[in-house]
Structures are given as C-alpha cells and as structure tokens.
Amino acid sequence: MNLALWIVTALLAAAYLLGGAFKVIVPKERIAAAGRSGRWVEDFSAGGVKAIGAVEVLAAVGLVLPAVFGIARLFVPLAALGLVLLMAGAAAVRIRRREYGLVAVDALYILLAAFVLWGRLGPESYLN
C-alpha cells in the first residue's frame, strides 16, 4: 500500500509541478492557444491563472517534501485535500463551459488525490 501511495504521489507531484510551472511561466494567451484543454484560461485573469499555477506548484511540493524529510508530514494529506478541492473547482469550470469530455480527466485527478488523502490519513497515516 505504501508503495502504491508513493507512486501515485510522485505522479501527481510531477504533473502538478510541471503544469503549475507552465501556468506561472507561460502567458495566458499562449495557454489558450495551445488547444481546447487550455481554453479555460479565458474565464480567468492573467494573475488568476498564475495564482492557480502557484497553488499547483505548492501542492506538488507539499505532497513530497514533508514525507521525504519527515518534517510536518501533516502537509502531505493537506496538499492532497487541496488538490481534490482545486480539481473539483476545475471540473465545475469545465461543466460550466460545457467541456464535458475534459471533466473525466479532472475526475481522474480528483480520485488520485483522494487516494493519497485517504491513504495518508488512514492505512499509511503519517499522524501515528
């Protein structure tokens, strides 16, 4: 179980670190032009997109570093909870924009983050 949690955590951290850094570095207009999956940025200001990217980067760091260093490990499930909430918001934006096919991707990220949250608060809890 611990191995599965680490694999999922590493995959989530990599995805959110790269995706978040992309949102922080790349201008909003280039994200929107990248394809249909990036058009959600039309609903947000440039600063809002960068803030979402910064939250994603912080969540990626919060998923891994506390566990690796054994310091403030409560941040791991909190980061996972934050990603569940962030992706629920993303799914809501997709639904509002009628981008139903992309909601499935958001739902997958929600399930993966919820798995980490459940695992790190339950069977493989850091809080014991």
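Right, let's walk through the structure included here. (Residues numbered from 1 in each chain as written. Predicted model: local features only at pLDDT ≥ 70, side-chain atom pairs only at ≥ 80, totals over all residues. Heavy atoms only, no water.)

**Comments concerning the overall build of the protein chain**
Scanning the protein chain from terminus to terminus reveals 5 helices and 0 strands. Computed over C-alpha atoms, the radius of gyration of the protein chain comes to 15 Å, within 12% of the 14 Å expected from 2.2 N^0.38 for 128 residues, which places it in the range of a compact globule. Seen through its C-alpha atoms, the protein chain measures out along the principal axes to roughly 45 × 25 × 20 Å. Here the protein chain, with 128 residues, has 37% of them falling under the buried criterion. Within the protein chain, contacts between residues separated by at least 24 positions form 65% of all contacts whose residues are at least 6 apart in sequence. For the protein chain, the exposed surface amounts to about 7,000 Å²; the carbon and sulfur share of it is 72%. (Helix = DSSP H or I, 4+ residues; strand = E, 2+ residues; numbered from the N terminus. Rg over C-alpha atoms; globule rule 2.2 N^0.38 Å. Buried < 20%, exposed > 50% of the residue type's maximum accessible area, 1.4 Å probe, protein only. Contact = heavy atoms within 4.5 Å. Areas by Shrake-Rupley, 256 points an atom, 1.4 Å probe, with all protein chains shown as cover.)

**Re the nonpolar core**
Counting 18 residues, the largest nonpolar core has L12, Y16, L63, L83 and V116 as its most contacted members. Elements with a minimum of two residues in this core: helix 1 (2-25), helix 3 (46-69), helix 4 (75-96) and helix 5 (100-121). Per-element tally for this core: the top contributor is helix 4, with 6 residues. Residue contacts for V116: discarding those within four places in its chain leaves L5, V8, T9, L12, L63, V76 and A80. Judged by nonpolar contacts, the second largest core, of 8 residues, contains V26, A32, V41 and V93. (Core = buried A, V, L, I, M, F, W, Y, C linked by side-chain atoms within 4.5 Å.)

**Some thoughts on helix 4**
Owing to its 3.6 residues per turn, the α-helix brings residues three or four apart onto one side. In a regular helix each residue adds 1.5 Å, so 22 residues correspond to 32 Å; helix 4 covers 31 Å between its end C-alpha atoms and thus fits that length. All buried positions along helix 4 are accounted for by V76, P77, A79, A80, L83, V84, M87, A91, V93 and R94. Tucked inside the fold, the buried residues of helix 4 contact helix 1, helix 3 and helix 5. One or two positions beyond helix 4, positive phi appears at R98, with a value near 60 degrees. (Expected span 1.5 Å × (residues − 1).)

**Some details on a nonpolar patch on the surface**
On the surface, L17, V61, L65, V68, F69 and I71 cluster together to form a nonpolar patch covering roughly 560 Å² of accessible area. A total of 4 residues in the nonpolar patch trace back to one element, the largest contributor, which is helix 3. With respect to the helices, strands and loops of the structure, L65 is situated in helix 3. Judged by its relative accessible area of 40%, L65 is partly exposed. (Patch = residues over 30% accessible without salt bridge, like charges linked within 9 Å, V, L, I, M, F, W, Y side chains within 5 Å. Salt bridge = Lys/Arg side-chain N within 4 Å of Asp/Glu carboxyl O.)

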